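# Structural features, examined
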Amino acid sequence: PFSVLTATLMTYIGRTKTGVLNLCVVIVCCVFAMIPVDLGSDWTFERIAIVIGSNWGTSNQWMVVLMITDETLPTSVRTTGAAIGSIVSRVGAFIAPFLVHHAQSISFFLLYGLYIGLSLLGAALFWTIPETKNKDLRETITQEEKDSEKL
């Protein structure tokens, strides 16, 4: 369901705003996860919020990042840019479990603070990416340079 919602949001409000919205959902869920409320048995409010937030925030953010990578880079360097993005995301996926383990052993709040801080940084950086909805794709780097000079 979240993928359909994200695809619909990208169509109507644009890629950049959808990416920022995904990260804001992660931030809100992490803030709620820091509030210790027990819903009974084995599942606590923290687990439910993190499961929902991480499902929306990570899976669908990847979809937005792939779409923006394909649309912002000129055709001649598009595959290189996508490959670099994939490598960076794989390094992040490799480091994340170690980071979670060490941050959780130090402090529960450090772990969620780290998630919130990185999501805020990602949202701020994502907001600077130019919107690509309903824009022509550039074929060469020269076209990209000419379009940059017009701004």
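Here the structure is shown first, and the text comes after it.
The structure contained in this document is the topic of the report that follows. (Residues numbered from 1 in each chain as written. Predicted model: local features only at pLDDT ≥ 70, side-chain atom pairs only at ≥ 80, totals over all residues. Heavy atoms only, no water.)

### Here we look at empty space enclosed by the protein
Under the defined criterion, the tally for this structure stands at one cavity of 30 Å³ or more. Space inside the largest cavity adds up to approximately 30 Å³. Along the walls of the largest cavity sit Trp 62, Val 65, Leu 66, Thr 69, Gly 81, Ala 82, Gly 85 and Ser 86, which together make up its complete lining. Breaking the lining of the largest cavity down by element, the ones donating at least two residues are α3 (45-72) and α4 (75-106). Taken together, the residues that form the lining of the largest cavity break down as four nonpolar, four polar and no charged. (1 Å grid on protein atoms, 1.4 Å probe; cavity = no way out; pocket = protein on both sides within 12 Å on 5 of 7 lines; lining within 4 Å. Points joined across faces, edges and corners; volume = space filled by probe spheres on them. Helix = DSSP H or I, 4+ residues; strand = E, 2+ residues; numbered from the N terminus. Nonpolar A, V, L, I, M, F, W, Y, C, P; charged D, E, K, R; others polar.)

### Describing the layout of surface pockets
Approximately 1400 Å³ is the volume found for the largest pocket. Leu 23, Thr 58, Gln 61, Gly 92 and Leu 118 are, among the 35 residues lining the largest pocket, the residues nearest its centre. Elements with a minimum of two residues in the lining of the largest pocket: α2 (15-33), α3, α4 and α5 (108-127). The leading source of residues in the lining of the largest pocket is α3, at eleven residues.

### With respect to α4
Since one α-helical turn is 3.6 residues long, residues separated by three or four positions face the same way. The terminal C-alpha atoms of α4, which comprises 32 residues, lie 46 Å apart, in line with the 46 Å expected from a rise of 1.5 Å per residue. The largest bend in α4 is about 35°, located at Ile 95, with the proline Pro 97 one to four residues further on. Among all positions in α4, only Arg 78, Ser 86 and Ala 103 are buried. (Expected span 1.5 Å × (residues − 1). Bend = angle between axes of the 7 residues up to and from the residue. Buried < 20%, exposed > 50% of the residue type's maximum accessible area, 1.4 Å probe, protein only.)

### Examining the packing of helix α1 (residues 2-12) against α2
Here α1 crosses α2 at 140°, and the two axes come no closer than 7 Å. By the angle between their directions, the pair α1 and α2 is classed as oblique. Residues Thr 6, Leu 9, Met 10 and Thr 11 of α1 form the contact with α2, whose own contacting residues are Arg 15, Thr 18, Leu 21 and Asn 22. Taken together, the residues that form the contact of α1 with α2 break down as three nonpolar, four polar and one charged. (Axes fitted to C-alpha atoms, helices over the stretch in contact; angles between N-to-C directions. Parallel < 35°, antiparallel > 145°, perpendicular 65-115°, else oblique. Contact = heavy atoms within 4.5 Å.)

### What about the packing of aromatic side chains?
Across all of its chains, the model carries two aromatic pairs by this definition. Between the aromatic rings of Phe 94 and Phe 98, the centroid separation amounts to 5.6 Å while the plane-to-plane angle is 65°, which identifies the pairing as edge-to-face. In this pair, Phe 94 and Phe 98 both sit in helix α4, four residues apart, roughly one turn of the helix. The exposure class of Phe 98 is partly exposed, given its relative accessible area of 49%. Summarising the aromatic geometry, the rings of Tyr 112 and Tyr 115 are spaced 6.2 Å apart at their centres and angled 70° between planes, so their arrangement reads as edge-to-face. Residue Tyr 112 and its partner Tyr 115 are located together in helix α5, separated by three residues, close to a single helical turn. Residue classification places Tyr 112 among the buried positions, given a relative accessible area of 9%. (Phe/Tyr/Trp six-rings, centres within 6.5 Å; stacked < 30°, edge-to-face > 60°.)

### Here we look at the pattern of salt bridges
If you walk through the whole model with that rule in mind, you get one salt bridge. Glu 71 is paired through a salt bridge with Arg 15; the nearest N and O atoms lie 2.9 Å apart. Within this pair, whereas Glu 71 is found in helix α3, its partner Arg 15 is found in helix α2, the two being separated by 56 residues in sequence. Like Glu 71, the residue Arg 15 is buried in the burial classification. (Salt bridge = Lys/Arg side-chain N within 4 Å of Asp/Glu carboxyl O.)

### Section: the side chain of Thr 72
Structurally, Thr 72 is set in helix α3. A polar contact of 2.8 Å, which involves the side chain of Thr 72, links it to the backbone oxygen of Ile 68. (Polar contact = N/O pair within 3.5 Å; in protein donor to acceptor, adjacent residues only side chain to side chain.)

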